[in-house]
Amino acid sequence: MSGTYTRIKRDEIKQLIESEYGINIINMHEGDKGILLYTDCGTKMLKKVKRDDAKLQFAASAYQYLYDRGFRNMSRINKTKSEGSSFEYNNSRYIVQDYVRGNVIEIRTPEAAAKVAEALALLHKAGENYVPPQGGHARVDWGKWMDKFKANSINIKKYDKGLQDKKILTKFDRLYERCTQEYYEKMFNAYLILRNFGYLEKVQQSMKQNQLIHSEYRRHSLLLDDQGEVFVLNLENCAYDIREADIATMLESFTGRNKAELAGAALKAYSNIIKLDRRSIKVIQALILQPKHFYKVIERYYGRKKNFTEAELCNKLERAIKKEARKGPILEVLEEKTTRVCKRGRG
């Protein structure tokens, strides 16, 4: 075994899985997403996860809930013989999932973007009113974004003020100093948009219907299976939050020169299944506007002070600034859509 699974001993893990799940493993080898298990019950995927068993119980039950409500294109977590959702090996936790053959989806055309957005809307519809089983521990993100953006904007100002007291600036300091005002304004404006355009109402609505979201809905969590359908992976990280958080993640993951066209097609396709009102569009806009890539790097440098090299973080900051700049076309589409929704409302 290599990479993430270096510490796994084939014979040990084989015997453990057969004992835990009551299946016979015929062969196994490492794939792109985990270890493929060829069993007498079909092909499975062994995957290392960071979540504890209570959160995995929440996710496993969510898989079944979505499946029972008609959302079938996902890789479900298999139950152990004792009805557990995972097992421990070498101080790490693992799950066994159903395996689907397919390729990571390429979102290069409006048709592909629409297909991905439709799958997300169907997942969201199926994920309404989900109540976890006893012992399942949910990840709850309701209401956190507005306070987080406000706190982050305060920190950006604090780090900027700290530079004024330094006699000698590092290369990282100078790079940060050049763009601090721009990103402070973006972070604070994201907070203002959430405060002024109904974010808390969206949170209350989501809480009333116990809205389940994917939380990592981007290209690498999606496959195009052999039937040409979008197949959703990584649902073990699902959480309670507003739908708009998933939509923002999806839109931001679009790449290429035609990302504005892709975003427009995705928003239209999603709205055909679940209507997006003006407040939803503004909330999505705020979630994309906030400079999370930039903030993650400066927080590591000025905040937590973990081990790093100056050159490493300078390179990361330069890459983060480029990522933030690539959001421009998506934000323009959202602004145009907000304007159109306003005009229709007046009419």
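The structure under discussion appears in the preceding block.
Residues numbered from 1 in each chain as written. Predicted model: local features only at pLDDT ≥ 70, side-chain atom pairs only at ≥ 80, totals over all residues. Heavy atoms only, no water.

Focus: the overall build of the protein chain
- Tallying secondary structure elements over the protein chain gives twelve helices and ten strands in all.
- Relative to a compact globule of 347 residues, whose C-alpha radius of gyration would be 20 Å, the protein chain shows 22 Å and is just as compact.
- Each principal axis of the C-alpha atoms in the protein chain carries an extent, and together these give about 65 × 60 × 40 Å.
- Split into buried and exposed, the 347 residues of the protein chain put 48% on the buried side.
- In the protein chain, the share of contacts with a sequence separation of at least 24, taken over all contacts with a separation of at least 6, comes to 75%.
- Summed over its atoms, the accessible surface of the protein chain is roughly 17,600 Å², and 47% of this surface lies on carbon and sulfur atoms.
- For the protein chain, the distance from the average site of its 64 positive side-chain charges to the average site of its 45 negative ones is 4 Å. (Helix = DSSP H or I, 4+ residues; strand = E, 2+ residues; numbered from the N terminus. Rg over C-alpha atoms; globule rule 2.2 N^0.38 Å. Buried < 20%, exposed > 50% of the residue type's maximum accessible area, 1.4 Å probe, protein only. Contact = heavy atoms within 4.5 Å. Areas by Shrake-Rupley, 256 points an atom, 1.4 Å probe, with all protein chains shown as cover. Lys, Arg positive; Asp, Glu negative; His and termini not counted. Charge placed at Lys NZ, Arg CZ, Asp CG, Glu CD.)

As for the packing of helix α7 (residues 243–252) against helix α8 (residues 259–273)
- Two elements in contact, α7 and α8, have axes whose closest approach is 10 Å; the angle formed by their N-to-C orientations is 150°. By the angle class used here, α7 and α8 are roughly antiparallel. In terms of crossing hand, the pair formed by α7 and α8 is right-handed. Seen from α7, the contacting residues are Arg 243, Ile 247, Met 250 and Leu 251; seen from α8, they are Ala 263, Ala 266, Leu 267 and Tyr 270.
- A class-by-class count of the residues in the contact of α7 with α8 yields seven nonpolar, no polar and one charged. (Axes fitted to C-alpha atoms, helices over the stretch in contact; angles between N-to-C directions. Parallel < 35°, antiparallel > 145°, perpendicular 65-115°, else oblique. Left-handed = near helix turned anticlockwise from the far one by under 90°. Nonpolar A, V, L, I, M, F, W, Y, C, P; charged D, E, K, R; others polar.)

Concerning the side chain of Lys 202
- Looking at the element boundaries, Lys 202 is found in helix α6 (residues 199–208).
- At 3.0 Å, the side chain of Lys 202 forms a polar contact with the side chain of Ser 280. (Polar contact = N/O pair within 3.5 Å; in protein donor to acceptor, adjacent residues only side chain to side chain.)

Concerning a positive patch on the surface
- Taken together, the side chains of Lys 296, Arg 319, Lys 322, Lys 323 and Arg 326 define a basic patch exposed on the protein surface.
- Top contributing element to the positive patch by residue count: helix α11 (residues 310–325), with three residues.
- As for its placement among the helices and strands, Arg 319 is situated in helix α11. (Patch = residues over 30% accessible without salt bridge, like charges linked within 9 Å, V, L, I, M, F, W, Y side chains within 5 Å. Salt bridge = Lys/Arg side-chain N within 4 Å of Asp/Glu carboxyl O.)

Digging into the packing of aromatic side chains
- Taken as a whole, this structure holds 18 aromatic pairs when the rule is applied.
- Consider the rings of Tyr 65 and Tyr 130, whose centres lie 5.2 Å apart with planes at 55°: the pair is tilted. Remark: Tyr 130 occurs in the loop between α3 (110–126) and α4 (144–164) and Tyr 65 occurs in helix α2 (residues 53–68); sequence separation between them is 65 residues.
- Residue classification places Tyr 130 among the buried residues on the basis of a relative accessible area of 1%.
- Between Tyr 130 and Tyr 240, the ring centres sit 6.3 Å apart and the planes meet at 45°, which makes this aromatic pair tilted. Linking Tyr 130 in the loop between α3 and α4 with Tyr 240 in strand β10 (residues 239–240), this pair joins segments that are 110 residues apart in sequence.
- Here a set of aromatic residues connected by ring pairs shows up, and it is made of Tyr 159, Phe 172, Tyr 176, Tyr 183, Phe 294, Tyr 301 and Tyr 302.
- Sitting over the face of the ring of Phe 197, Lys 282 holds its NZ or CZ atom 4.9 Å from the ring centroid. (Phe/Tyr/Trp six-rings, centres within 6.5 Å; stacked < 30°, edge-to-face > 60°. Lys NZ or Arg CZ within 6 Å of the ring centre and 35° of its normal.)

A look at the environment of Gln 205
- Take Gln 205: it is sitting in helix α6.
- Assessed through its relative accessible area of 35%, Gln 205 is described here as partly exposed.

So, the sheet that holds strand β3 (residues 42–49)
- What the five strands build is an open sheet, ordered β1-β2-β3-β5-β4; its pairing is antiparallel. Two strands close off the open sheet at either side, each with one partner strand: β1 (25–30) and β4 (87–89). The sheet shows a mean angle of 30° between the axes of neighbouring strands, taken without regard to direction.
- With five bridges connecting them, strand β2 (residues 35–39) and β3 associate as antiparallel partners. Its bridge partner lying in β3, Leu 36 is registered against Met 45.
- Lying over the sheet, helix α1 (residues 10–21) contacts β1, β2, β3, β4 and β5 (92–98), oriented at roughly 160° with respect to β4. (Pairing = 2+ DSSP bridges.)

Observations concerning the sheet that holds strand β6 (residues 102–104)
- Taking strand neighbours across the sheet as the criterion, the three strands line up as β6-β8-β9 in an open arrangement whose pairing is antiparallel. Both outer strands of the open sheet, β6 and β9 (230–232), are each paired with one neighbouring strand and no more. Put simply, the sheet's adjacent strands are angled 40° from each other on average, direction ignored.
- Judged from the three bridges that link them, β6 and strand β8 (residues 222–225) form a sheet pairing that is antiparallel.

Looking at the pattern of salt bridges
- For the structure on display, the rule yields 17 salt bridges.
- A salt bridge links Glu 312 to Lys 316, with the shortest nitrogen-to-oxygen separation between them at 3.4 Å. On the criterion of helical spacing, the pair formed by Glu 312 and Lys 316 is a turn pair, its members being four residues apart in helix α11.
- By relative accessible area, Lys 316 is classed as partly exposed at 30%.

Things to note about the packing of helix α5 (residues 171–196) against α11
- At a minimum axis separation of 10 Å, α5 and α11 run at an interaxial angle of 25°. What the angle tells us is that α5 and α11 run roughly parallel. Read as a crossing pair, α5 and α11 show a hand that is left-handed. Counting all contacts with α5, which are made through Lys 171, Phe 172, Leu 175, Tyr 176, Cys 179 and Tyr 183, the residues of α11 involved are Glu 310, Leu 313, Cys 314, Leu 317, Glu 318, Ile 321 and Glu 324.
- When its residues are assigned to classes, the contact of α5 with α11 shows nine nonpolar, no polar and four charged.

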